[in-house]
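# Survey of secondary and tertiary structure
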Amino acid sequence: MNKFTQALPWSQSIELPDHHQWKHTNQHALLEWKIKARPYNTTVANSMFIFLFLFTTILFGWMGEIFNPNSSKSIAIGIPFYILTMAAIYGTTHQKTKFAYRLTETGIEVCEWKAPGKGWIITLKWLTAIAAIAVLFIVALDPSTFWIALAGPGGIGLLYLGLANSSKFQEMHTEYHHRTHEWARYKKISIHSSRPVIGLHFDYFNTHFQAMDKGTLFLFCKKQQLAAALREINRKRPDLQPINESFDIY
């Protein structure tokens, strides 16, 4: 069972992009870690998911009659579409970005990137197979529904093939950033009140407004990593006392 869970897409270890190179490779890493995180307001995203979940469930249950025990055809066709819709909504409201952090004597390096996840493509593939079986079941009960039944699973299959092989789709959902900050740059250290996120605040020149502005470097970590990260940061910047507070994550 343990080997099965480790083989799941979301359990795989994070691999750095092939073109990534740390700037200070000649320096010993004080601390380094990799993590998948949601770099946005998760409370708003979770609320949106709950609202859309209820709306979609009511819509499919009422108009699609997928919860009507007397409508086997609607159940066979509607449930795969319902699962696919919920998977798409979840993938939209719960998107994650990959981060890799490296703390050295000079400062902090961050590698941040996004790439199309394979998990939902695999889900779509399995839904296509399940829906194809549903076609055979429905046609066996009523041959007149052949074209209606074929349109649903056929559409899912075409969508799967299109997304899986579309280079434009993959480019649109691919992002890469590499940032290097020196320790002396930070003016304030914050610990998020409800998430294991460290905010390192600094000033920078905003070229768009042609004026000085305030920025934040977010260090996403697991709860058990928070203390170790703070210990190394405090060692390099003992003049800054971490403050527990809520701040915007973006």
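Residues numbered from 1 in each chain as written. Predicted model: local features only at pLDDT ≥ 70, side-chain atom pairs only at ≥ 80, totals over all residues. Heavy atoms only, no water.

### Some points on a nonpolar patch on the surface
A surface patch of nonpolar side chains, about 580 Å² in accessible area, is lined by Ile 50, Phe 53, Leu 54, Ile 58 and Trp 62. Positionally, Ile 50 belongs in helix α2 (residues 42-62). (Patch = residues over 30% accessible without salt bridge, like charges linked within 9 Å, V, L, I, M, F, W, Y side chains within 5 Å. Areas by Shrake-Rupley, 256 points an atom, 1.4 Å probe, with all protein chains shown as cover. Salt bridge = Lys/Arg side-chain N within 4 Å of Asp/Glu carboxyl O. Helix = DSSP H or I, 4+ residues; strand = E, 2+ residues; numbered from the N terminus.)

### Considering the confidence of the model for the protein chain
For the protein chain, per-residue confidence averages 79 on the pLDDT scale, and residues scoring 70 or more make up 64% of the total. Per-element confidence in the protein chain ranges from a low mean pLDDT of 42 for helix α1 (residues 2-7) to a high of 96 for strand β5 (residues 186-192). In the model, residues 1-11 has pLDDT below 50 throughout and makes eight contacts with residues more than four positions away in sequence or in other chains. (pLDDT = per-residue confidence, 0-100. Contact = heavy atoms within 4.5 Å.)

### Describing the pattern of salt bridges
Applying the stated criterion across every chain yields a total of eight salt bridges. Taking the shortest distance from any N to any O, the salt bridge between Glu 32 and Arg 102 comes out at 3.7 Å. Of this pair, Glu 32 sits in strand β1 (residues 31-37) while Arg 102 sits in strand β2 (residues 97-103), placing them 70 residues apart in sequence. Under the relative-accessibility criterion, Arg 102 is labelled buried at 8%. (Buried < 20%, exposed > 50% of the residue type's maximum accessible area, 1.4 Å probe, protein only.)

### Description of the packing of aromatic side chains
By the definition in use, this model includes eleven aromatic pairs. Consider the rings of Phe 49 and Phe 53, whose centres lie 6.3 Å apart with planes at 20°: the pair is stacked. One end of the pair, Phe 49, and the other, Phe 53, are both in helix α2, four residues apart, so they sit about a helical turn from each other. Ring geometry for Phe 49 and Tyr 90: centres 5.6 Å apart, planes at 80°, overall edge-to-face. (Phe/Tyr/Trp six-rings, centres within 6.5 Å; stacked < 30°, edge-to-face > 60°.)

### With respect to the sheet that holds strand β3 (residues 107-114)
Two strands in a sheet stick together by hydrogen bonds in their backbones, pointing the same way (parallel) or opposite ways (antiparallel). As summarised here, the arrangement of the four strands in space is β1-β2-β3-β4, forming an open sheet in which the pairing is antiparallel. Each edge of the open sheet is held by one strand with a lone partner, namely β1 and β4 (175-182). Adjacent strand axes in the sheet meet at a mean angle of 10° when their direction is disregarded. Of the strand pairs in this sheet, β2 and β3 are connected by six bridges, and their pairing is antiparallel. In the strand pairing of β3, Ala 100 is matched with Cys 111. The strands that helix α7 (residues 223-236) touches are β1 and β2; relative to β1, the one it contacts most, it runs at about 135°. (Pairing = 2+ DSSP bridges. Axes fitted to C-alpha atoms, helices over the stretch in contact; angles between N-to-C directions.)

### Observations concerning the side chain of His 20
Structurally, His 20 is set in the loop between α1 and β1. Residue classification places His 20 among the buried positions, given a relative accessible area of 9%. Within the local environment of His 20, its side chain forms a polar contact with the side chain of Tyr 176, the two groups lying 3.0 Å apart. With residues up to four places along the chain from it excluded, the contact list for His 20 reads Cys 111, Tyr 176 and His 178. (Polar contact = N/O pair within 3.5 Å; in protein donor to acceptor, adjacent residues only side chain to side chain.)

### Some remarks on the environment of Ile 14
If you trace the backbone, Ile 14 turns up in the loop between α1 and β1. Residue Ile 14 is classed as buried on the basis of its relative accessible area, which comes to 12%. Distance from Ile 14 to Ala 100, taken between C-alpha atoms, is 8.7 Å for residues 86 residues apart in sequence. Residues contacting Ile 14, with those up to four places away along its chain left out, are Lys 34, Ile 35, Lys 36, Lys 98 and Trp 113.

### Remarks on the sheet that holds strand β6 (residues 197-206)
The four strands lie next to each other as β7-β6-β5-β8, forming an open sheet whose pairing is mixed. The open sheet has two edge strands with one neighbour each: β7 (211-220) and β8 (243-245). Between one strand axis and the next, the sheet turns by 35° as a mean value, whatever way the strands run. Where β5 lies against β6, five bridges are found, and the strand directions are antiparallel.

### Topic: the side chain of Asn 206
Relative to the assigned elements, Asn 206 resides in strand β6. Accessibility expressed as a relative area gives 10% for Asn 206, which makes it buried. Reaching out from Asn 206, the side chain makes a polar contact with the backbone nitrogen of His 208 at a distance of 2.9 Å. Among residues more than four places away in sequence, those in contact with Asn 206 are Ala 211 and Asp 213.

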